[in-house]
Amino acid sequence: MRRRTVLAAAAAAIAVGVSGCGIPAESKVRDIGAGPEAGEEVSGGAGAGPPTRESASTKEAFVSNFLAALAGEPDKMEGRLKAYLTPDAGNAVQAGADLNIVRLRGTPAFDEIGQGTWSVKIDVTHVGVLDARGSIGEAELTRSSYTFKIAVQSTEAGAETWIVTDPPDDLLLSTDALESYYTPRTIYFWSRDRKTLVPDERYMPKELDEGRQPTRIVEWLVAGPSEWLRPAVSRINDQAKNNQNVPYPKDRLEVSLSAKAVEQTDAGPGVDVVAQLGQQLMWSLRWPYVRDGLQLWVDGRGAQVFTKDSVFYAANAANRGPEGQEQQEAQPERFALVDGKIHRLKGSPGGGTQPLPQLLLSNGVNQDIVSATLARESADDGLRTAAALVVRQDEKFKLRVVTAVGDGARPAKETTEYTSMGRAAWLKTPMDVGLVVADKGLYQFTYQLTAGGIPLRRVDLPSAIDGKVTDVSAAPDGRRIAVVAGGRVYVLGISRGGTTTVAVEAMRPVPTTVTNVVAVDWSEEAKLVVAGTGPDGKPAVWELSLDGAIEKPQFNDTGGAVRHLVAYPDDPVAASVTATVMYDRAGAAFDLAGDKPGIEASDVMGADGEVDLSQVTAPFFLLD
Amino acid sequence: MAVDSRSVTALGARVLEAALDVWRRVARRAVIVAGPLHHTWRRSLHFRVVAITLVTSSLLVGAFAYLVATQSTNILLDRTRNAAVKQLQVDTDHAAEQLRGFNQAFDPQVQSSLGTIASYLSRGGPEQGGAIVALTSSRNPNLRAQAFDVSPLITPELAHTVAVDHRVADQIRTYDFGSGPTKYLVTGSPVPTGFGPIELYYIVPLTTEDQTAGQIRTMVLLTGAALVILLGVLSALVTRLVVRPVRVAARTAQRLSAGLLDQRMAVHGEDDLALLAASFNQMATNLQRQIVRLEEMSRLQRRFTSDVSHELRTPLTTVRMAADLIFAERDEFDPAVARAAELLQAELDRFEGLLTDLLEISRFDAGFAMLDAEPTDLVPVVRRVVDRLDGVSARAGVPVELTVPETPVIAEVDPRRVERILRNLVGNAVEHSEGRTVSVALGADDAAVAVTVRDHGIGLRPGEEKLVFNRFWRADPSRARQTGGTGLGLSISLEDARLHGGWLEAWGAPGQGAQFRLTLPVRAGDRLTSSPLRLVPPDVVPGHAVDARPASLEVTA
């Protein structure tokens, strides 16, 4: 018996030994350490959404709220709308219908049609259609008024609330609500020749957590440019998204894209796609998300860090220099015409005491001028300056073009004569082509070294632009232009073939309250200033976004119709709030930057004797 | 989980039962094997050394193997654990970053983000043998993301440690995802997010580690087993080296003791064993020389006795004839001379008897004694002996009782020698019975016949049972040889009994007389195992029985 026990013990020991030295099938929970601490707190909670139905205390406020109800995240739109509607009306709501941005004309008209029931009539102008990517496309509807019915409802607490019993036929969002519940965000796409970034305006719902906004912007970038801009810019491969969020807030943003991101079919040889992608992301996320650069992961590899270096600032041609004090205080050089001659204005840097640029000093250049465009750009061979001067001789107009590289001015050349001619515009990056309106048509020109005059070549405009072209101006990136035709404003996306040809690729009208627009210029890379007739029938200068959804009067003048308007585009990185604009009308010229808008006689430098203010015309900036 | 544990319990019970069954069978077999083993254990030094070596080395190697296997497994496991913790940290950071933007758990994009994170972090699934990453939310059970349903791998204890205690913890679990049970290392960590904590589990299969551990175990076991076997073989060889000469020495010694005096051991080399063999051989040589010398001396002595006896016969015959003549004429002599003639006659008779006995003894010593066995009825033989000694007993006043079976007792014996033995025994009894009765009994069974002769004289002192058969031995040396007897009678009787393959034994006790027993096999050449009659007489007073053992077994051997 004892021997058996011993044998059993031995067998057990062997069994334990053989099985005991392997990896156990189950183990106890082993504590390793404390869990990670929560990182940087996300600022605030969820962003502000539109007001709820119950929050209105008057029927006017209710209607205003109702026209804001659809603001916010697209996937919550339907639920919010239904909250404003009676169940019967809610059932009729169609999911996925377009969200129309409308500008209210006047206040809503209430007509009591029964006990606690009103019919509401609103007069509107359709501005555009807001899509899920935050882009406002061209308006599809032209209806000018809507009628819907609201009713009073008493809550259990006894308070009075309103409800929509019969909604308008379309989904409507007022421009006021757009401004209140969305933040404009500019994202960028490379131009088709990949030389500069082209801005694309979007609207970010304030409802979206701030921490998720960078992710949303990357999604927008991958999804592609706005519909109207699409033909004029390069796209990112739409498979580039790898479903990674962009962690935010974080000192260094980390953007992760799939391997498809570097497969960009329209990228020509010699283009560093990753570097361009990085700059595109940097510019698109620049404000307010990028703090200390951005790290780009493509397919989890090749992390490249992008910071706000010179390459970054050079990527967007609209930007002149790094942000900072110097840039804030920089003033454009201002000029004006007196008796057909160009003079500096006092508002220029250094009080305007410097001589005129060298290229204007040649014999016979600075005379008979009715409007001038002066631009400057750094090129490979040095600082290039170009002047496009419209001159009038014997009631005929022609274009005089002078260019200079450094101090070496080339001889002035002129075009043939036209019966009318508007102000010319230089297209930048590279600055070798100009546009001018002549005989109500749009023409392009380029300075050629060969002997003879400068030919004007007609630029074909889309057939949708009817009427006579009266003004043209170029965006600082040189890839978009704005034209005025038939009193309306259009923005065109252009491509630059070779070095000297321009082709219109994309077009959209810019709806605006201003009618009979006579002049347009770019006050920012994505904003225009227009001069025309205001809603009160008086001359007006307004600043508008490219989609026309956001507009702001800059100056109301009772003097007379504006003849000429120029703007100095703000740097995209500058925190400027007011547009730098100059214009003239019969008898006076104005500089909206100063305290006193009117340009005084003393402001004109280098003039002989007393200056007649009525002779001071066509002020302009040196665009650099 | 309940189903699991139940099935595990059932499985455990089955395994236990099977193990018990095997154990019972092994134990039974072990008992069968152990008997002979035990015998071998006691008999074989070789076996013992090998067995001890095997057991000791098995224990040592087993302990070492256990240490090596455990340590290597621990190292493997630690490495995997550290790697998992590092990876978990990276994954947790990633998940925390990815989820940083969310503030509300009910945001539908939280769920999709969780799914994206889980699938991004997972490296294949159980089928591919890659790590699995699962995200759960203890606060929000609907919020979870996992490529596979890994909930059976996450125990409530682990979930509690991670989610409630906010600790990083791991646990090893075994689960079958369809491709056989696999061990998994489940490492969990809480992930801080803006919408409340969630947990991230990094689940890495231990397939490779398990295989490696198994390989190490197998290797260590095989190496250990090989080592043990090697040690066993080595010890067997070494022991054999020592034991073989010892066995040879034992065998040689056995042969020597059996009389083969010229057996010697082979001497190889100069080591201790060679010394043993040489010494053994030396001893054997010395013994042989001594024995041969003693044999020679003994032979010479016997020859001398025989020759002396022969040589004495012829003069004795002459002396006898002269003495007979003088004895016949004694009446005419002076009475003193006549008395001398009578004495001469009597001493000559004694001398003649002595010479006869000496010749007989020397024949036995020389090995010339031959058994002339024939089937004989022993009853008349016994009767004849008693009758012949009738005169002597009557003269001594000793009654002789004779007990014989009614039927003839036939045995293959030499009647002349048997008669001589019995005459000697009965004569001795009558001589020492001091007037008391002498009993003679004959007994027989299938294998043996026996005759006992009992007297009630002074008996024998302890130890004298053997001495009585010595040549010329007397119980009381001071006692004169009045009653004749040459002192060789019992010696010759013993030799006669031995020649038959029989026994002649004596018993005696002081004051209780003595009894002699002759036992002979019924068939000549048979081996005796028992006697039909008892050596110790039944009338012995028990307290006085000094030694009841058959003292003369050795004599008969």
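Note that the structure is a prediction, hence the values are computed from the model and not measured.

The rules we used
Sequence order as written defines the numbering, with residues in each chain counted from 1. Chains carry letters and ligands carry numbers; both start at the beginning, A for chains and 1 for ligands, and go up in the order they are written. Since the coordinates come from a predicted model, pLDDT governs what is reported: local features require at least 70, and pairs of side-chain atoms require 80 or more to be given and counted, while whole-chain, interface and lining totals use all residues. Side-chain measures here rest on the full set of heavy atoms in the structure, leaving out hydrogens and waters. By definition, no residue in a patch forms a salt bridge, and every one has over 30% relative accessible area; like charges are joined within 9 Å, nonpolar side chains (Val, Leu, Ile, Met, Phe, Trp, Tyr) within 5 Å. Using a 1.4 Å probe, accessible areas were evaluated by the Shrake-Rupley method; residue-level cover was limited to the displayed protein chains. In the sections that follow, a salt bridge refers to a side-chain nitrogen of Lys or Arg positioned within 4 Å of a carboxyl oxygen of Asp or Glu. Helix and strand definitions here come from DSSP, where helices need a minimum of 4 consecutive H or I residues and strands a minimum of 2 consecutive E residues; each element is numbered from the N-terminal end. When accessible area is computed with a 1.4 Å probe and restricted to protein chains, residues below 20% of their type maximum are described as buried, those above 50% as exposed, and intermediate ones as partly exposed. At least two bridges found by DSSP between two strands are what make those strands a pair. For this analysis, a ring pair means two rings from Phe, Tyr or Trp (six-membered ring only for Trp) whose centres lie within 6.5 Å, classed as stacked if their planes differ by under 30 degrees, edge-to-face if by over 60, and tilted for the remaining angles. By definition, being over a ring means that NZ of Lys or CZ of Arg is both within 6 Å of the ring centre and within 35 degrees of the ring normal. Polar contact is the term for a pair of N or O atoms within 3.5 Å; when the atoms are in protein, one must be able to donate a hydrogen and the other to accept it, and sequence-neighboring residues count only if both atoms are side-chain atoms. UniProt positions are given in the numbering used here, feature names are shortened, and annotations may be inferred rather than shown by experiment. This count recognises Lys and Arg as positive and Asp and Glu as negative, with His and chain-terminal groups excluded. By convention, charge coordinates are those of NZ in Lys, CZ in Arg, CG in Asp, or CD in Glu. Orientation is described by lines fitted to C-alpha atoms, with helices fitted over the stretch in contact, and by angles between N-to-C directions that extend from 0 to 180 degrees. Angle categories are assigned with fixed cut-offs, so that under 35 degrees is roughly parallel, over 145 is roughly antiparallel, 65 to 115 is roughly perpendicular, and the rest are oblique. Here is the rule for handedness: rotate from the far helix to the near one, and if that takes an anticlockwise turn smaller than a right angle the crossing is left-handed, while a clockwise turn gives right-handed. Only heavy atoms enter the contact rule, under which two residues are in contact if any of them lie within 4.5 Å. Residue polarity follows a fixed list, in which Ala, Val, Leu, Ile, Met, Phe, Trp, Tyr, Cys and Pro are nonpolar, Asp, Glu, Lys and Arg are charged, and the others, Gly among them, are polar. Buried residues of nine kinds, namely Ala, Val, Leu, Ile, Met, Phe, Trp, Tyr and Cys, make up a nonpolar core once their side-chain atoms join them within 4.5 Å. Start and end points for every domain follow an automatic or database-based domain assignment. To estimate how far a helix should extend, the number of its residues minus one is multiplied by 1.5 Å.

Participant: How do you make sense of a nonpolar patch on the surface when you look at a structure like this?
Facilitator: All names here are of chain B. Judged by side-chain polarity, Leu227, Leu230, Leu231, Leu234 and Val238 come together as a nonpolar surface patch covering roughly 440 Å² of accessible area. By the secondary structure assignment, Leu227 is in helix 5 (residues 207-257). Exposure remark for Leu227: the relative accessible area of 42% places this residue in the partly exposed category.

Participant: Could you clarify how one ought to interpret the sheet that holds strand 22 (residues 441-445) of chain A in this entry?
Facilitator: Strand pairs in the sheet, formed through backbone hydrogen bonds, run parallel or antiparallel to each other. The strand order across the open sheet built from 4 strands is 20-21-22-23 (chain A), with neighbouring strands paired in antiparallel fashion. The outermost strands of the open sheet, each flanked by one partner alone, are strand 20 (425-427) and strand 23 (457-458) of chain A.

Participant: I would appreciate a short explanation of the packing of aromatic side chains in the present structure.
Facilitator: Geometry of an aromatic ring pair is reported as the spacing of the ring centres plus the angle between the planes. Summed over the entire model, instances satisfying the criterion amount to 16 aromatic pairs over all chains. With centroids separated by 5.8 Å and ring planes inclined at 55°, the aromatic side chains of Tyr418(A) and Tyr443(A) adopt a geometry described as tilted. With Tyr418(A) in the loop between strand 19 (413-414) and strand 20 and Tyr443(A) in strand 22, this pair connects stretches of sequence that are 25 residues apart. The exposure classification of Tyr418(A) matches that of Tyr443(A), with both residues buried. Arranged with centres 6.5 Å apart and planes meeting at 90°, the rings of Trp41(B) and Phe47(B) form a pair that is edge-to-face. In this structure an aromatic cluster arises from ring pairing among Phe62(A), Phe66(A), Tyr84(A) and Phe148(A). A cation over a ring is seen here: Lys413(A) above Tyr447(A), with NZ or CZ 5.7 Å from the ring centre.

Participant: Would you explain the pairing of strand 22 of chain A in this entry?
Facilitator: Two faces make up the sheet, and in a regular strand the side chains alternate between them. Residues and elements named next belong to chain A. Buried residues dominate strand 22, accounting for 5 of its 5 residues. Burial along strand 22 is two-sided: the residues Gly441, Tyr443 and Phe445 and Leu442 and Gln444 are all buried. As paired strands, strand 21 (residues 433-438) and strand 22 are joined by 5 bridges and run antiparallel to one another. Looking at the pairing, Val436 lines up with Tyr443 of strand 22. Hairpin remark: strand 21 followed by strand 22, antiparallel, with 2 residues in the connecting loop; positive phi at Asp439, about 50°. Relative to strand 23, strand 22 runs antiparallel, the two being bridged by 2 bridges. Across the sheet, residue Gln444 finds its bridge partner in strand 23, namely Arg457.

Participant: Is there a simple way to explain the environment of Arg194(A) in this structure?
Facilitator: Residue and element names in this part refer to chain A. Along the chain, the position of Arg194 falls in the loop between strand 8 (182-190) and strand 9 (197-205). Relative accessible area serves as the criterion here: at 7%, Arg194 is assigned to the buried category. In terms of polar contacts, Arg194 uses its side chain to reach the side chain of Gln276, at 2.7 Å.

Participant: I keep staring at the environment of Gln115(A) and nothing clicks. Help me out?
Facilitator: Residues and elements named next belong to chain A. Mapped onto the elements of the fold, Gln115 is located in the loop between strand 2 (99-114) and strand 3 (117-130). Classification of Gln115 as exposed rests on a relative accessible area of 79%. Along the sequence, Gln115 and Val152 sit 37 residues apart, while their C-alpha atoms lie 8.7 Å from each other.

Participant: Help me understand the UniProt feature "transmembrane region" (unreviewed entry) in chain B, please; the structure alone is not making it clear to me.
Facilitator: Residues and elements named next belong to chain B. UniProt records the feature "transmembrane region" (unreviewed entry) at residues 45-69 and 220-243, using the numbering of this structure. When the span residues 45-69 is considered, its composition is 100% helix and 0% strand, and the gap between its end C-alpha atoms is 35 Å. Across residues 220-243, the secondary structure splits into 100% helix and 0% strand, with the terminal C-alpha atoms separated by 33 Å.

Participant: Even after reading the chapter, I still don't get the pairing of strand 28 (residues 515-524) of chain A, so can you show me in this structure?
Facilitator: As defined by bridge partners, strand 28 of chain A adjoins strand 29 (residues 527-533) of chain A across 6 bridges and the pair is classed as antiparallel. Looking at the pairing, Thr515(A) lines up with Thr533(A) of strand 29 of chain A.

Participant: Can you walk me through a negative patch on the surface in this structure?
Facilitator: A surface patch of negative charge is lined by Asp368(A), Asp394(A), Glu395(A) and Glu417(A). Within the secondary structure layout, Asp394(A) lies in the loop between strand 16 (382-393) and strand 17 (396-405).

Participant: Teacher, can you tell me more about the packing of helix 6 (residues 213-223) of chain A against helix 7 (residues 273-285) of chain A here?
Facilitator: All names here are of chain A. Contact geometry of helix 6 with helix 7 gives a least axis separation of 10 Å together with a crossing angle of 130°. Here helix 6 lies oblique to helix 7, going by the angle between them. By crossing handedness, the relation of helix 6 to helix 7 is classed as right-handed. Judged by residue contacts, Pro214, Ile217, Val218 and Leu221 of helix 6 engage Gln280, Leu281, Ser284 and Leu285 from helix 7. In terms of residue class, the contact of helix 6 with helix 7 is made up of 6 nonpolar, 2 polar and no charged.

Participant: What is the right way to look at the nonpolar core in this model?
Facilitator: One recurring pattern in soluble globular proteins is that nonpolar side chains are buried together. Residues and elements named next belong to chain A. Val255, Leu257, Leu285, Leu294, Leu296 and Leu528 are the most contacted members of the largest nonpolar core, which has 58 residues in total. Ranked by residues supplied to this core, first place goes to helix 7 with 6 residues. There are two domains that each give this core at least three residues, and those are domain 2 (209-315) and domain 3 (334-621). Counting 40 residues, the second-largest nonpolar core is a separate cluster that includes Val63, Leu99, Leu172 and Tyr203.

Participant: Help me out: how do you make sense of the sheet that holds strand 29 of chain A in this one?
Facilitator: All names here are of chain A. Within the open sheet, the 4 strands sit side by side as 28-29-30-31. Their pairing is antiparallel. Two strands close off the open sheet at either side, each with one partner strand: strand 28 and strand 31 (551-556). Taking each pair of neighbouring strands and ignoring which way they run, the sheet shows an average axis angle of 25°. Pairing of strand 30 (residues 539-545) with strand 31 involves 5 bridges; the strand directions are antiparallel. Bridge pairing in strand 31 places Trp542 opposite Pro553.

Participant: Would you explain helix 12 (residues 489-500) of chain B in this entry?
Facilitator: Residues separated by three or four positions in an α-helix point in the same direction, a consequence of the helix having 3.6 residues per turn. Residue and element names in this part refer to chain B. Here helix 12 contains 12 residues, and its C-alpha end-to-end distance of 17 Å stays within 8% of the 16 Å for a straight helix at 1.5 Å per residue. Among the 12 residues that make up helix 12, 10 are buried, leaving the element largely enclosed by the rest of the structure. Every buried residue of helix 12 is accounted for by Gly489, Leu490, Ser491, Ile492, Ser493, Leu494, Glu495, Asp496, Ala497 and His500.

Participant: So what exactly am I meant to see when it comes to unusual backbone geometry here?
Facilitator: With the exception of glycine, most residues fall at negative phi, and the peptide bonds are largely trans. All names here are of chain A. Cis geometry marks the peptide bond from Tyr248 to Pro249; its omega dihedral reads 5°. Assignment of secondary structure puts Pro249 in the loop between helix 6 and strand 10 (253-257). Backbone torsion omega between Trp287 and Pro288 reads 5°, so that peptide bond is classified as cis. At Asp394, a position not held by glycine, the phi torsion is positive, near 60°. Classification of Asp394 by relative accessible area gives exposed; the value is 73%. A positive phi is found at Asp439, a non-glycine position, where the angle reads about 50°.

Participant: Please explain the pattern of salt bridges as it appears in this structure.
Facilitator: Where side chains of opposite charge bring their charged atoms close, a pairing between them can arise. Residue and element names in this part refer to chain B. By the definition in use, this model includes 62 salt bridges over all chains. With a shortest N-O distance of 2.6 Å, Arg320 and Asp349 are connected by a salt bridge. Here the residue Arg320 occupies a position in helix 6 (residues 272-328), and Asp349 occupies one in helix 7 (residues 335-366), the gap between them amounting to 29 residues. On the basis of relative accessibility, which here comes to 15%, the residue Arg320 falls in the buried class. Asp349 sits in the partly exposed class, given a relative accessible area of 39%. Across the salt bridge formed by Arg471 and Asp365, the nearest N and O atoms sit 2.8 Å from each other. Taken together, the residues Arg471 in the loop between helix 11 (464-467) and helix 12 and Asp365 in helix 7 connect sequence positions 106 residues apart.

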